[in-house]
Amino acid sequence: MTSYRLSRLIEVALTARVASGFPYTPVTGLRVAATESTIDGVTRLVPERDAAGLLVYTTDLGGLENLNSARLPVFGRLDIRTTFSPKWHGGRWQLYIEIINATNRQNAGSLDPALEFNPDGDTPRLTYTRDQGLPLLPTFGMRFRF
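Described below are features of the structure shown in this document. (Residues numbered from 1 in each chain as written. Predicted model: local features only at pLDDT ≥ 70, side-chain atom pairs only at ≥ 80, totals over all residues. Heavy atoms only, no water.)

Description of a nonpolar patch on the surface
Heads up, the rule is: Patches here: salt-bridge-free residues with over 30% relative accessible area, like charges joined within 9 Å, nonpolar side chains (Val, Leu, Ile, Met, Phe, Trp, Tyr) joined within 5 Å. Areas reported here follow the Shrake-Rupley algorithm with a probe of radius 1.4 Å; residue values treat only the protein chains shown as occluding. Salt bridges are defined as contacts in which a side-chain nitrogen from Lys or Arg sits within 4 Å of a carboxyl oxygen from Asp or Glu. Note on conventions: DSSP H or I runs of at least 4 residues are helices, E runs of at least 2 residues are strands, and numbering of each starts at the N terminus. Categorising residues by exposure relies on relative accessible area from a 1.4 Å probe, with only protein chains included: less than 20% of the type maximum marks a residue as buried, more than 50% marks it as exposed, and the intermediate range marks it as partly exposed.
Taken together, the side chains of Tyr4, Leu6, Ile10, Phe84 and Trp88 present a nonpolar region at the surface, about 520 Å² in accessible area. Summarising the element assignment, Trp88 is placed in the loop between β9 (75–84) and β10 (93–100). The exposure class of Trp88 is partly exposed, given its relative accessible area of 46%.

The following block contains the structure:
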């Protein structure tokens, strides 16, 4: 964080945050989803099929050794803030304008696996979507110290 006082009433501040990605559990592959089927009083797991009779796939997270074995992409954010501190009532007031994530970087709070139609194969294609990232967010506010 750095700040610069433009005058006795106005201050500009920059805050940069950079962090290595948090751990997450990556998908190791695809597997056929299973459903229970009871025949003659015996319940068994059988491959699940959709309305067209095609196999239904799901993601496979592997075993315990795969738990939290990968990291999300590097997190980076730059916040810019301008504060106006008038001398009303003993200088206890502050008015500010802030831009959170000023670079509008698409940080990943999580990577969610998704299965998409694959026209070139029999199994779906695995893709990841970034989720829970904070977009460019302009804010303003007022602060009063008691």
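Moving on from the coordinates now.
Some remarks on the pattern of salt bridges
Between side chains of opposite charge, a pair can form as their charged atoms come close. Scanning the model with the defined rule gives four salt bridges in all. Residue Glu11 pairs with Arg5 through a salt bridge whose shortest N-O separation is 3.5 Å. One salt bridge in this structure joins Glu98 and Arg81, with 3.4 Å as the shortest N-O distance. Of this pair, Glu98 sits in strand β10 while Arg81 sits in strand β9; the two residues are 17 residues apart in sequence, bridging distant segments of the chain. Residues joined in a network through salt bridges with shared partners are Arg17, Arg77 and Asp79.

With respect to the side chain of Glu98
Stated precisely, the cut-off is as follows: Any pair of nitrogen or oxygen atoms within 3.5 Å is treated as a polar contact; in protein, a donor-acceptor pairing is required on top of that, and neighbouring residues in sequence qualify only through side-chain atoms on both sides. Residue contacts are defined here by distance: any two heavy atoms, one from each residue, within 4.5 Å place the two residues in contact.
For Glu98, a relative accessible area of 16% puts it in the buried group. Looking at Glu98, its side chain comes within polar contact range of the side chain of Arg81, at 3.4 Å. Residues contacting Glu98, with those up to four places away along its chain left out, are Asp79, Ile80, Arg81, Leu137, Pro138 and Thr139.

Digging into the packing of aromatic side chains
As a reminder of what qualifies: Classification of ring pairs rests on two measures: the distance between centres of Phe, Tyr or Trp rings, Trp counted by its six-membered ring, which must be within 6.5 Å, and the angle between planes, read as stacked under 30 degrees, edge-to-face over 60 and tilted in between.
Taken as a whole and assessed by the stated rule, the structure comprises two aromatic pairs. Judged by centre distance (4.8 Å) and plane angle (55°), the ring pair of Trp93 and Phe144 falls under tilted. With a gap of 51 residues between them, Trp93 in strand β10 and Phe144 in strand β13 (residues 137–144) connect regions that are remote in the sequence. When the ring of Phe144 is compared with that of Phe146, the centres are 5.3 Å apart and the planes differ by 90°; the resulting orientation is edge-to-face. Through successive ring pairs, a cluster of aromatic residues spans Trp93, Phe144 and Phe146.

Considerations on the sheet that holds strand β1 (residues 2–5)
Rules: Only when DSSP finds a minimum of two bridges between them are two strands counted as paired. Under this scheme, a helix contributes an axis fitted over its contacting stretch, all axes are lines through C-alpha atoms, and angles between N-to-C directions fall in the 0 to 180 degree range.
Judged by pairing direction, the sheet is antiparallel, and its five strands sit side by side in the order β1-β2-β9-β10-β13 without closing on themselves. A single partner strand is all that each edge strand has here, and the edge strands are β1 and β13. Taken over all neighbouring pairs, the strand axes of this sheet differ in orientation by 15° on average, direction set aside. Pairing of β9 with β10, which is carried by five bridges, proceeds in the antiparallel orientation.

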